[in-house]
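Residues per chain are reported as follows:
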Amino acid sequence: KDSGVGLVFWDTFNQSMGQRQVLEPQSVQFDVSKFDWIGAMASSVSVFITWHTSGTATLDDAKKKVTVMGALSGDGGNAVYPMLLNKFLGTKFKIVLGYKGGNTIQLAMEQGEVDGRGSVIWSGFKAGWPQWIAEKKVNVLIQLGLAKDPDLPDVPLLLDLAKDPTQAAIFRLISTDTATGIPVAAPPGLPADRLAALRKAFAETMSDPKLLDEAAKRNLPVRASSGDDVQKIMTSIVSTPKDVVAVLKQALAEAKPDSKAAH
C-alpha cells in the first residue's frame, strides 16, 4: 500500500524483543517502547500439547504425574514455559533437552519418546499439522496469550490461573509476545501524521481481500494487531515492576531442566 508519507524506513522485529529487553537488558541496546509501532501481522496463542496416549490430557493431569516434554535448549519456550508452570502451578513436567526443532519434538511424541512440547504457535500448528487436530492426536493443555483463541474456548488461559498479583504480572509478561507476531515498527520520533498514515495503510493491507484469500489458501489466518495496541503492549512490557522481574529471574534460575538428550 502507498502510505502517501514519502520515504520512511521500517522493519520487522523478533516478537520477543520486549521480553529480552526486560530480562536481558545488557543484550538489547535500545528501548522497544520508544519505537513507533505500525502494527503486528499475526496475533495468536502459544499452546502446550501432549500426545493422545500420554495419559496427560489436562493441566490437572500434569499436576498428578510426570509428563516428559521435549525442548531444544534450556532457554527456549519449550523448556521455559513448563519450568515456570512447575514452579508456580505445581505441575510435574520433566524437560528433555537436545532436540533440533519443533518437528523433531513432534516426531518424538509420535514415537512415544516424549509426551509433548511446551510451546507451539497454534496458528502455525493448525497450518502444518491439521491432520493431528482432525484425528485428535494431541491434547491442548493450556494456552499462552492475552486472550483465548476462538478455536480453544475450553482450554485454560495462563493469565486466568494466577494466584496473586505477582504471578499475574509474570504470566502477562511471558504471554505478551503472542499478541505481537511479526511486528512492524518505524524509528522513534516519526511525525504524528506520518505514523497515522502508515498505521492506516498497514490496517488496510491486513484487511485486503486478496491477501486474506491467499492466506486462507495456506491455512494461515491473518489476525493483525493495530499499531496502537502493539505500542501499548510494548510499553506495558518495559514497565513491568523490577520486583516482578526479579521473581521471574529467580524462578528461571531455580527451575533447571531435569535431563538432556542428544538428537
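The rules behind the values
- Residues numbered from 1 in each chain as written.
- Predicted model: local features only at pLDDT ≥ 70, side-chain atom pairs only at ≥ 80, totals over all residues.
- Heavy atoms only, no water.
- Axes fitted to C-alpha atoms, helices over the stretch in contact; angles between N-to-C directions.
- Helix = DSSP H or I, 4+ residues; strand = E, 2+ residues; numbered from the N terminus.
- Parallel < 35°, antiparallel > 145°, perpendicular 65-115°, else oblique.
- Contact = heavy atoms within 4.5 Å.
- Nonpolar A, V, L, I, M, F, W, Y, C, P; charged D, E, K, R; others polar.
- Buried < 20%, exposed > 50% of the residue type's maximum accessible area, 1.4 Å probe, protein only.
- Arc of directions from axis to C-beta.
- Pairing = 2+ DSSP bridges.
- Polar contact = N/O pair within 3.5 Å; in protein donor to acceptor, adjacent residues only side chain to side chain.
- Phe/Tyr/Trp six-rings, centres within 6.5 Å; stacked < 30°, edge-to-face > 60°.
- pLDDT = per-residue confidence, 0-100.

A.B. asks: I'd like to hear about the packing of helix H7 (residues 165-175) against helix H11 (residues 242-254), residue by residue, with values.
C.D. replies: Where H7 meets H11, the closest approach of the two axes is 10 Å, and the angle between their N-to-C directions is 75°. Judged by the inter-axis angle, H7 sits roughly perpendicular to H11. Two secondary-structure elements touch here, H7 through Thr166, Ala169, Ile170, Leu173 and Ile174 and H11 through Val244, Val247 and Leu248. The class makeup of the residues in the contact of H7 with H11 is seven nonpolar, one polar and no charged.

A.B. asks: Tell me about helix H4 (residues 102-110), residues and numbers included.
C.D. replies: Among all positions of H4, only Ile105, Gln106, Ala108 and Met109 are buried. Viewed end-on, H4 has its buried residues packed into an arc of 155°, placing them on one side of the element. Once H4 finishes, glycine 112 follows within two positions and takes phi at roughly 80°, a positive value.

A.B. asks: So what's going on with the pairing of strand E5 (residues 93-97)? Which residues, and what values?
C.D. replies: Among the five residues in E5, four count as buried, and that is most of the element. Of the pairings in the sheet, the one linking strand E4 (residues 67-70) to E5 comprises four bridges and is parallel in character. The partner of valine 68 across the bridge, within E5, is lysine 94.

A.B. asks: Outline the environment of alanine 169, supporting the account with residue identities and numerical values.
C.D. replies: If you trace the backbone, alanine 169 turns up in helix H7. As a C-alpha pair, alanine 169 and isoleucine 237 span 68 residues in sequence and 9.7 Å in three-dimensional space.

A.B. asks: Give me helix H9 (residues 209-217): which residues, what numbers.
C.D. replies: Where H9 begins, the side chain of aspartate 208 points an oxygen toward the backbone nitrogen of lysine 210, at a separation of 2.8 Å. Remark: asparagine 219 follows H9 within two positions and exhibits a positive phi of approximately 60°.

A.B. asks: Describe the packing of aromatic side chains, naming the residues involved and giving the relevant values.
C.D. replies: As enumerated under the stated definition, the model contains eight aromatic pairs in all. Ring geometry for tryptophan 51 versus tryptophan 132: centroids 4.7 Å apart, planes at 65°, classification edge-to-face. Within this pair, whereas tryptophan 51 is found in strand E3 (residues 46-51), its partner tryptophan 132 is found in helix H6 (residues 130-134), the two being separated by 81 residues in sequence. Residue classification places tryptophan 132 among the buried positions, given a relative accessible area of 4%.

A.B. asks: So what's going on with the confidence of the model for the chain? Which residues, and what values?
C.D. replies: Parts of the model with low pLDDT should not have their predicted coordinates read in detail. Averaged over the chain, the pLDDT score is 88; the fraction of residues at 70 or greater is 92%. Per-element mean pLDDT across the chain ranges from 48 in strand E10 (residues 259-260) up to 97 in helix H2 (residues 59-64). Segment residues 1-10 is flagged for pLDDT under 50; beyond a separation of four residues in sequence, or across chains, it makes 22 contacts in the model. Across residues 259-263 the pLDDT falls below 50, and counting only partners more than four positions away or on other chains, this stretch makes 15 contacts in the model.

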